[in-house]
Amino acid sequence: MASDWKSFEPVLIPDIPNLEKIDVYEKNGGYESLKKVVTGNDWTPESVVNEVKAANIRGRGGAGFNAGLKWSFMPKPDGGPRYLACNGDESEPGTFKDRKIFEYNPHLFIEGALIAAYAMQITTIYVYVRGEYISWVKMMEKALQDARDKGYIGKNLFGTDYSVEFEITYGAGAYICGEETSMLESLEGKRGYPRVKPPFPAQKGLWGRPTTINNIETLANVPLVIKNGSDWFKGIGAENHPGPVLYGISGHVNRPGVYELPTGVPVMELINDVAQGIRGGKKLKALIPGGSSTPVLRADQLEGISMDSDSLREAGSMMGTAGMIVMDEDTDMVDALWRISHFYHHESCGQCTPCREGTGWAEKILLKIKNGDGEIRDLDLLLDLTTQMEGRTICALADAAAWPIRHTINRFRDEFEARCKKSVHAVA
Amino acid sequence: MEETYEFTKEDLEEIETIKAKFPTVMPATLPTLWVAQRRFGHVEPAVQRLVAETLDLPESHVHGVASFYTQYYKERKGKYVLDVCTTTSCQLCGGYEMLHYLEDKLGIKAGETTDDGMFSIQSVECLGACGYAPMMQITNDVYVNNLTEEKLDKVIDSLKKGEMPEFESVGMPLLEKRNI
């Protein structure tokens, strides 16, 4: 438990003015971790992987997989190209954290990506940012150029024989491109259709070559682990899900925004103390803890729950991207669920039938219920539909669409039934 | 008669720079469509054909990509395209109210363009600014956060004069100094 969160000093985005400028970043110890691993005799690529694995940085893009373990899946170098693809697509509703790193501390991410590349002996790094973030893309381009000018990117880093290229590219509006294999397809200049796994990207990624995909925030943690050690990192926040996290709090709170705090902060403290409670003195009704695909929790389910994967799993939800959406007592759960389903229908790439048809059908039924034309049996139809969608598609978008439907109906069934009661088919 | 489109010398240089970032030419598809959209304001089929010819890729491929991604305008739009986010956090904080206010103000519905060709309105999916809801993006460029009716009035007035709002940095509340 992170009971000491109030005294926590941010490390991902510390309170240092103009940290986005490379000189300021360097003055504050920037790029020393990179130099240490690339030139230091104590560090081999393997030892960097092991240190990151030991730190247990769990992927901040949503899946929460140990980043170092993921790195260790890369096959041994064979002389051919290998890639690191940095995922800054950030399209999950409720999630708006990576853009803070781009804006306030881009070099921390760049340094993290460079260390990751060195650890996996990768020679080309691509950053993929969603097309809507064009202002942030420009900031990244500036930061990359500054890093290139200083010799942190390019040929023979610090006079060693290690060379690395770093390019930024951006999408054009498609949620699916945040899914790792869709992102690869998009990077290759195609429609963002997810790929069948296996083979996994570590075996066959970009242009059929070994590729690792990491989230921006995940990579931003890497220089801190190298600088301070894995034990330091493990000492922050929740035991099985350690480290600093950028919490995005949105919805009906007095002070929405992005907050850097340790993992494991009690949910109610995040809502009441950090985000300063519910707007207009209203009562809390529900919380979506980590982006719109993570199952919604009723206010009475939040007692004693903290923001880490173990605690949220126990409560019946997930940590996801830590993008918390707070809903007050006046929130219409039918409207809210319809809007979420509309999103997943709009964003389904259409490759797999259960997702393409399921998301559309679910949205249609929910619209009918929302308009007061629903029948009680529609609720069971929706629940049945979710089981037909889950686990039957190439990627997890169908699951992401199904979970909110199942859990919102189960956890707020009264409200859905009440909306159906006007129907002639309703049970008296 | 169909309009003909041509890239300028600068565009072609930019496209060459883009191509150099990747081991094959296909990855240049999305960025080149962006170059085209910035140049012509949209990527209707004749523009897609130009992109295909420039990159020496099948037209069907370029069309497939252009039609997949929502930010490419497959038809002509107004000078300013107002993308109002209505996904969950924005929905909860009044995104639809802002959308309807704009519709009333400009006398068009979402998906339409004003007769003078000045404004198009779109209701869009999550733009990743959830803590600053409700919000909108103007022509794939600047984000306007924490919308109110007054703020919308101001933005529309300045756009009519051809002035885009400036990039608005939103600080992190726990780092109070950044908010000064």
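As the structure is a prediction and not an experimental result, all values here were calculated from the model. (Residues numbered from 1 in each chain as written. Chains lettered and ligands numbered in written order. Predicted model: local features only at pLDDT ≥ 70, side-chain atom pairs only at ≥ 80, totals over all residues. Heavy atoms only, no water.)

(A) The arrangement of the overall build of chain A in detail. Each helix and strand counted, chain A has 17 helices and 11 strands in total. Radius of gyration (C-alpha) of chain A: 22 Å, near the 22 Å computed for a compact globule of 428 residues. Over its C-alpha atoms, taken along the principal directions, chain A stretches across nearly 80 × 45 × 35 Å. Across the 428 residues that make up chain A, the buried fraction comes to 63%. Considering only contacts in chain A between residues 6 or more positions apart, those separated by 24 or more positions represent 69%. Counting every atom, chain A has about 15,400 Å² of accessible surface; 49% of that belongs to carbon and sulfur. Positive and negative charge centroids in chain A, built from 48 and 57 side chains respectively, lie 3 Å apart. (Helix = DSSP H or I, 4+ residues; strand = E, 2+ residues; numbered from the N terminus. Rg over C-alpha atoms; globule rule 2.2 N^0.38 Å. Buried < 20%, exposed > 50% of the residue type's maximum accessible area, 1.4 Å probe, protein only. Contact = heavy atoms within 4.5 Å. Areas by Shrake-Rupley, 256 points an atom, 1.4 Å probe, with all protein chains shown as cover. Lys, Arg positive; Asp, Glu negative; His and termini not counted. Charge placed at Lys NZ, Arg CZ, Asp CG, Glu CD.)

(B) Broad picture of helix α14 (residues 353-370) of chain A. Residue and element names in this part refer to chain A. Taking 1.5 Å as the rise per residue, α14 with 18 residues should run 26 Å; its terminal C-alpha atoms sit 25 Å apart, in good agreement. Within α14, the full set of buried residues consists of C355, G358, T359, G360, A362, E363, I365, L366 and I369. For α14, the elements touching its buried residues are α13 (333-347), α15 (376-389), α16 (397-411) and α17 (413-420). Phi turns positive, to about 85°, at G372, one or two residues after α14. (Expected span 1.5 Å × (residues − 1).)

(C) Layout of the interface of chain A and chain B. Facing the 73 residues of chain A at the interface are 52 residues of chain B. Here chain A packs against chain B, burying approximately 5,000 Å² in sum over the two surfaces, 57% of which is carbon and sulfur. A per-residue breakdown of the area chain A buries against chain B is headed by A172, R191 and R339 of chain A, which together make up 14% of the total. Counting across the interface, chain A meets chain B through one salt bridge. When the shortest N-O distance is used, the salt bridge between R339 of chain A and E125 of chain B registers 3.0 Å. One can count 34 residue pairs in polar contact (both at pLDDT 80 or more) joining chain A with chain B. With nine residues, the top contributor of residues to the side of chain A that touches chain B is α13 of chain A. (Buried area = accessible area lost by both parts, 1.4 Å probe. Salt bridge = Lys/Arg side-chain N within 4 Å of Asp/Glu carboxyl O. Polar contact = N/O pair within 3.5 Å; in protein donor to acceptor, adjacent residues only side chain to side chain.)

(D) Structural context of the pattern of salt bridges. Residues and elements named next belong to chain A. In the structure shown here, the tally under the stated rule is 39 salt bridges over all chains. Notably, a salt bridge pairs E375 with K368, separated by 3.8 Å at the nearest N-O pair. Salt bridges here are not isolated pairs; linked through shared partners, they connect R60, K97, D98 and E217.

(E) The environment of F40 of chain B, seen in detail. Residues and elements named next belong to chain B. Tracing the chain through its elements places F40 in helix α2 (residues 29-40). According to the relative accessible area criterion, F40 is buried, its value standing at 18%. The spacing of F40 and R76 is 36 residues in sequence and 9.3 Å in space, taken between C-alpha atoms. Residue contacts for F40: discarding those within four places in its chain leaves Y5, E6, F7, V47 and L50.

(F) Structural detail: the packing of α14 of chain A against α17 of chain A. Residues and elements named next belong to chain A. Contact geometry of α14 with α17 gives a least axis separation of 8 Å together with a crossing angle of 70°. Between α14 and α17, the angle falls in the class roughly perpendicular. Residues L366, I369 and K370 of α14 pack against F416, R419 and C420 of α17. (Axes fitted to C-alpha atoms, helices over the stretch in contact; angles between N-to-C directions. Parallel < 35°, antiparallel > 145°, perpendicular 65-115°, else oblique.)

(G) Structural view of the pairing of strand β1 (residues 80-85) of chain B. Residues and elements named next belong to chain B. For β1, the buried fraction is high: six of the six residues fall into the buried class. In β1, alternate side chains face the same way, and those of Y80, L82 and V84 on one face and V81, D83 and C85 on the other are all buried. Bridge analysis of β1 against strand β2 (residues 119-124) gives six bridges, and the strand direction is parallel. Bridging across to β2, L82 finds its partner in I121. (Pairing = 2+ DSSP bridges.)

(H) Local environment of the nonpolar core. W71, F109, I110, L114 and F166 of chain A together with Y69 and M136 of chain B are the most contacted members of the largest nonpolar core, which has 177 residues in total. Considering each element in turn, this core owes the most residues, 10 residues, to helix α6 (residues 106-119) of chain A. If sequence neighbours within four positions are ignored, M136 of chain B has contacts with L82, D83, V84, L102, L127, V142, Y143, V144, L147, L152 and V155 of chain B. Listed in part, the 26 residues of the second largest apolar core include W5, Y247, Y259 and V265 of chain A. (Core = buried A, V, L, I, M, F, W, Y, C linked by side-chain atoms within 4.5 Å.)

(I) Local environment of a nonpolar patch on the surface. Residues and elements named next belong to chain A. Judged by side-chain polarity, F65, L69 and F73 come together as a nonpolar surface patch covering roughly 260 Å² of accessible area. Mapped onto the secondary structure, F73 falls in the loop between α4 (67-71) and β1 (83-88). The exposure class of F73 is partly exposed, given its relative accessible area of 42%. (Patch = residues over 30% accessible without salt bridge, like charges linked within 9 Å, V, L, I, M, F, W, Y side chains within 5 Å.)

(J) How the structure looks around the packing of aromatic side chains. For the structure on display, the rule yields 28 aromatic pairs over all chains. Aromatic pair F343 of chain A and Y344 of chain A: ring centres 5.0 Å apart, planes at 85°, arrangement edge-to-face. Taken as a pair, F343 of chain A and Y344 of chain A share a single burial class, namely buried. Taken together, the ring pairs in this structure connect Y170 and Y193 of chain A together with W34, F68, Y69 and Y72 of chain B into an aromatic cluster. The side chain of R130 of chain A reaches across the aromatic face of Y133 of chain A, ending 5.4 Å from its centre. In this structure, K370 of chain A is placed above the aromatic ring of W338 of chain A, and the distance from its NZ or CZ to the ring centre is 4.7 Å. (Phe/Tyr/Trp six-rings, centres within 6.5 Å; stacked < 30°, edge-to-face > 60°. Lys NZ or Arg CZ within 6 Å of the ring centre and 35° of its normal.)

(K) Structural view of the sheet that holds strand β2 (residues 124-129) of chain A. Residues and elements named next belong to chain A. Here four strands make up an open sheet; going across it, the order is β3-β2-β1-β4 and the pairing parallel. Both outer strands of the open sheet, β3 (165-170) and β4 (211-215), are each paired with one neighbouring strand and no more. Between one strand axis and the next, the sheet turns through 20° on average, direction left out of account. Strand contacts of helix α9 (residues 216-228): β1, β2 and β4, with the helix running at about 90° to β4, the strand carrying the most contacts.

(L) Structural context of the pairing of strand β7 (residues 244-251) of chain A. Residues and elements named next belong to chain A. Most of β7 sits inside the fold, with eight of its eight residues counted as buried. Alignment of β7 against strand β8 (residues 257-262), held across six bridges, turns out to be antiparallel. Pairing of G248 across the sheet is with V258, part of β8. Connecting β7 to the next strand, β8, in antiparallel fashion are five residues. Relative to strand β11 (residues 323-328), β7 runs parallel, the two sharing four bridges. Within the sheet, the bridge partner assigned to G251 lies in β11 and is V326.

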